[in-house]
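# A look at the structure
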Amino acid sequence: MAQEKEKAVRSIDPAACEMLEIAEACGLSTAFNRAEEVKPCPIGQDGACCKICSMGPCRLVGKTTRGVCGATLATVAARNFARMVAGGASAHSDHGRDLAFTLIAMAKGEAQGYEIRDPMKLYEVARFMDIPTEGRELNEIALDVGTKALEQFGQQRGEIIYVRRATKKRQQRWRELGITPRGVDREVVETLHRTHEGVDLDPEHILDHALRTSLADGWGGSMLATDLSDIIFGTPNPLQSEANLGVLKEDEVNIIVHGHEPTLSDMIVVAAQSPDMIEYARSKGAKGINLAGICCTSNEILMRRGIPPAGNFLHQELAVLTGAVEAMIVDVQCIMQALAELSKDFHTELITTSPKAKIPGAVHIEFDEHRALDTAKAIVRRAIDNYPRRGETHIPRLRSDVVAGFSHEYLNYMQGGLSRASFRPLNDAIIAGRVRGAAGVVGCNNARVTQDEGIVNIVRELIANDVLVVVTGCAAHASGKHGYLTPEMMANAGAGLREVCEAVGIPPVVHLGSCVDNSRILTVLTQMATEGGLGEDVDDLPAVGICPEYMCEKAIAIGTYCVATGAYVLFGVGSPVKASEEVTRLISEGWEEKVGGKLEFVEDWREIVRRSLEHIDKKRAALGLAAYEPGKFGRSGDWRMPELLELPLEQRLEAVYGGSR
Ligand code: MSK
């Protein structure tokens, strides 16, 4: 499945390589060396191990083609896959559920420190949910929105409300296939039931329900998480920041927030920026308090508050290794248990905060939104108290400028201002061939492949071939660390794409947010499909989804809901259903016949690029668009580039974004 790696290619990020040398010199373990020491089980890796009952585990390899109960390889692989989707959908959706609880508490005046930061979005969501707004107080509307959102999780019959946002054609297709999600929890529970020993034993039937469960995530839990976050914390607008371990500071209290949820981290930002906390930090000899992020908690506060990311998934241990982190505050998801052990070798305090997630060896300070600011201040104070205990430090001097935080609302706005906001300019650019197509590059790092290599190479090749790229999750952090989230990256884009980016004022690689914000990609794709000129549904679009370095179940759920929405999705690393040719075919050609999208696992990033471009060109041809011609466009705006690249970043941003930053 995954490629065997030499130590020299553990990462293409020089900051990571620098820290890994230090880890090695100190004899400290990280995921990078553990991935070399702990060999993956080849049977489980390929989806051929069944361990859902105690007659097993049954390993379906060689001449063993059935388990003790008679389950076939295809049934076993399909069950394993469906359970991954259910696990991923649960994680995103529980995140969304908690935001509904926060919104309700806030509306009742019980959530200390929170306020509605985007009332426009509240009105928009309320109208969408058929909640009356006229003559009502914001908090009354917010209470109804939160309650309605919460109902989506426990709903037993009917359709979750957000499927109405899909194209009419797509909604119809889901209904005909019987895969429209009824309620988030219902679909997840049904997956676990169907994949229990001796229930649903038809691989295709199991996978149909995996599609339904994934839709409950993408068009349910995740989309709600995004919308409710925008209401509570603000809808992102582009802003400037920096990325990589070099954002840590030698002379300030460094606090890292890590995980996925914005609820506590947003309050940590408020606490860390409060004058009393800054004064307290100074009293301990620090010049101030420096916040940074890891994983998707980082994306949440990057795109709304400009807090710099210290890195992606595989950077979490490397941040502790700098010796400069006073506290690492974690919530849920993607948090390595190894952090607790590693932190003991430094002064870093690992603090768990979610009632759902404890780590042996970590300090647990439970977060409760009813006393959010008090909890945040207590945590920040604890980090400050830890500053005098700091020993020797080693912070790599590597950081890159980033422009982040493009919500789909802002992309609309950029393409026509307040009065004519639309996706018309982008659609026209694709129709004309200036932009060849679009790609979403998303997902994690995986210690079994070279960190950032797949992500960065794919992004580079796509923009050079005039494909507009949007990024989320740890792929967004990889793009940021390697300088791809800056306007100057236009210089590496194909001439047509560069021209469009200059005209609209977007970089060729657009930061769209966190993992739950992959729902923003669904919204963008749907809007492109309904705008006109590019077919009638998402599967007509010259667009692809790519997850080059996936690591967790959430990525599988995301990939599956994108396929169910009509996208061609390519994953790197290796296939979790490789052992079964039947399941491999069912999720690719089989799903393409059903829903227009397909899922493929391809280890080589070059082949991912090749298949992506081939697919985009095939869709262009099916739409009757002119064949893509590199070099045909791009002369009208090129004159600005040399001049722009001479300018300091601040002035470049001003020239590209003007007053809209
Ligand atoms: S954080 S799910 S490693 S993208 Fe969203 Fe990164 Fe993957 Fe976690």
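Residues numbered from 1 in each chain as written. Predicted model: local features only at pLDDT ≥ 70, side-chain atom pairs only at ≥ 80, totals over all residues. Heavy atoms only, no water.

## Re the side chain of E499
Selection rule: The way it works is that DSSP assigns letters per residue, a run of H or I at least four long becomes a helix, a run of E at least two long becomes a strand, and they are numbered from the N terminus. Buried residues are those whose accessible area, probed at 1.4 Å on protein chains only, stays under 20% of the maximum for their type, while exposed residues exceed 50% and partly exposed ones sit between those limits. Throughout this description, a polar contact denotes any pair of N or O atoms lying within 3.5 Å of each other; where both atoms belong to protein, one of them has to be capable of donating a hydrogen while the other can accept it, and for residues adjacent in sequence the pair is counted only when both atoms sit in side chains.
Mapped onto the elements, E499 comes out in helix 20 (residues 495-504). For E499, a relative accessible area of 8% gives the class buried. Within the structure, the side chain of E499 is placed 2.3 Å from the side chain of R434, a separation counted as a polar contact.

## Examining the environment of G624
By the secondary structure assignment, G624 is in the loop between helix 24 (605-622) and helix 25 (640-646). Taking the relative accessible area as the measure of exposure, G624 reaches 63% and is therefore exposed. For G624 and G535, which are 89 residues apart along the polypeptide, the C-alpha to C-alpha distance reads 10.0 Å.

## Notes on the sheet that holds strand 14 (residues 543-547)
For the record, the criterion: Here the rule is simple: two strands pair whenever DSSP picks up at least two bridges between them. Note on definitions: angles span 0 to 180 degrees between N-to-C directions of axes, and those axes are lines fitted to C-alpha atoms, for helices only across the stretch in contact. By definition, residues are in contact when any of their heavy atoms lie within 4.5 Å.
In spatial order, the strands read 13-12-11-14-15-16; together these six strands make up an open sheet with parallel pairing. Since the sheet does not close on itself, it has two edges, and those belong to strand 13 (509-513) and strand 16 (598-601), each with one partner. The average angle at which neighbouring strand axes cross in this sheet is 20°, direction not considered. Running over the sheet, helix 18 (residues 453-464) touches strand 11 (437-441), strand 12 (467-472), strand 13 and strand 14 and is turned about 150° from strand 12. Helix 19 (residues 473-481) rests against strand 11, strand 12 and strand 13 of the sheet, and its axis sits at about 115° to strand 12.

## Some remarks on the nonpolar core
Put simply, the test is: We call a set of buried residues a nonpolar core when its members are Ala, Val, Leu, Ile, Met, Phe, Trp, Tyr or Cys and they connect through side-chain atoms within 4.5 Å of each other.
Residues V145 and V441 are the most contacted members of the largest nonpolar core, which totals 170 residues. Discounting residues that sit within four places of it in the chain, V441 has contacts with I455, I458, V459, L462, V469, V470, V471, T472, A475, I546 and P548. Grouped together as the second largest cluster of nonpolar side chains are 40 residues, A15, V320, L342 and L350 included.

## Things to note about the site of the ligand
Put simply, the rule reads: Only a single heavy atom is needed: when it lies within 4 Å of a molecule or strand, its residue is near that molecule or strand. Residues are grouped as follows: Ala, Val, Leu, Ile, Met, Phe, Trp, Tyr, Cys and Pro are nonpolar; Asp, Glu, Lys and Arg are charged; every other residue, Gly included, is polar. All the domain ranges listed were derived from an automatic or database domain assignment.
In the region of the ligand, the neighbouring residues are H260, C295, C296, F313, C334, G443, C444, C474, C515, M551, C552 and K554. Considered class by class, the residues forming the shell around the ligand number nine nonpolar, two polar and one charged. Two domains each donate at least three residues to the shell around the ligand, and these are domain 3 (245-389) and domain 4 (404-649).

## So, the confidence of the model for the protein
Note the threshold: The quantity known as pLDDT measures the predictor's confidence residue by residue, on a range of 0 to 100.
Mean pLDDT over the protein: 94, with 94% of residues reaching 70 or higher. Across residues 1-6 the pLDDT falls below 50, and counting only partners more than four positions away or on other chains, this stretch makes 23 contacts in the model.

## A short note on the packing of helix 7 (residues 168-177) against helix 23 (residues 581-595)
Defined as follows: Under this scheme an angle from 65 to 115 degrees is roughly perpendicular, one under 35 degrees roughly parallel, and one over 145 degrees roughly antiparallel; angles in between are oblique.
Contact geometry of helix 7 with helix 23 gives a least axis separation of 10 Å together with a crossing angle of 115°. In terms of orientation, helix 7 lies roughly perpendicular with respect to helix 23. Each of R170, R173 and L177 in helix 7 lies in contact with helix 23, whose residues at this interface are E592, E593, K594 and V595. Class assignment for the residues of the contact of helix 7 with helix 23 results in two nonpolar, no polar and five charged.

## Re the environment of D200
Considering the arrangement of structural elements, one finds D200 in the loop between helix 8 (184-194) and helix 9 (203-233). Note on D200: relative accessible area 8%, which makes it buried. Sequence separation between D200 and R79 is 121 residues, and the spatial gap between their C-alpha atoms is 8.8 Å. Not counting chain neighbours up to four residues away, the residues in contact with D200 comprise R194, H205 and I206.

## Some thoughts on the sheet that holds strand 8 (residues 349-352)
Pairing in this open sheet of six strands is parallel, and the strands run 6-5-4-7-8-9 from one edge to the other. Strands with a single pairing partner mark the edges of an open sheet, and in this sheet they are strand 6 (309-311) and strand 9 (363-364). Where strand 4 (residues 253-259) meets strand 5 (residues 289-294), six bridges bridge the pair, whose relative direction is parallel. Within strand 5, the residue paired with N254 across the bridge is N290. Sheet strands touched by helix 10 (residues 262-272): strand 4, strand 5 and strand 7 (327-330). Its angle to strand 5, the strand with the most contacts, is close to 165°.

## Brief notes about unusual backbone geometry
The omega torsion across G56 and P57 is 0°, close enough to zero to call that bond cis. By the secondary structure assignment, P57 is in the loop between strand 1 (49-50) and strand 2 (58-59). Residue V573 is not a glycine yet carries a positive backbone phi of 70°. Structurally, V573 can be placed in the loop between strand 15 (568-571) and helix 23.

## Here we look at the packing of aromatic side chains
Centre-to-centre distance and the angle between the planes together describe a pair of aromatic rings. This is how it is decided: Paired rings are identified among Phe, Tyr and Trp, the last through its six-membered ring, by centres lying within 6.5 Å, and are further divided according to the angle between planes into stacked (under 30 degrees), edge-to-face (over 60) and tilted (the rest). Remark: a charge is flagged as sitting over a ring if the NZ atom of Lys or the CZ atom of Arg is within 6 Å of the ring centre and within 35 degrees of the ring normal.
Overall, the coordinates contain nine aromatic pairs when judged by the stated rule. On the numbers, 5.4 Å between centres and 55° between planes, the contact of Y410 with Y413 is tilted. Of the two residues, Y410 and Y413 both sit in helix 16 (residues 408-414), three residues apart, roughly one turn of that helix. A relative accessible area of 36% places Y413 in the partly exposed class. Positioned over the ring face of Y280 is R381, at 4.4 Å from the centre of the ring. Above the ring of Y568, the side-chain terminus of K598 is found at 4.7 Å from the ring centroid.

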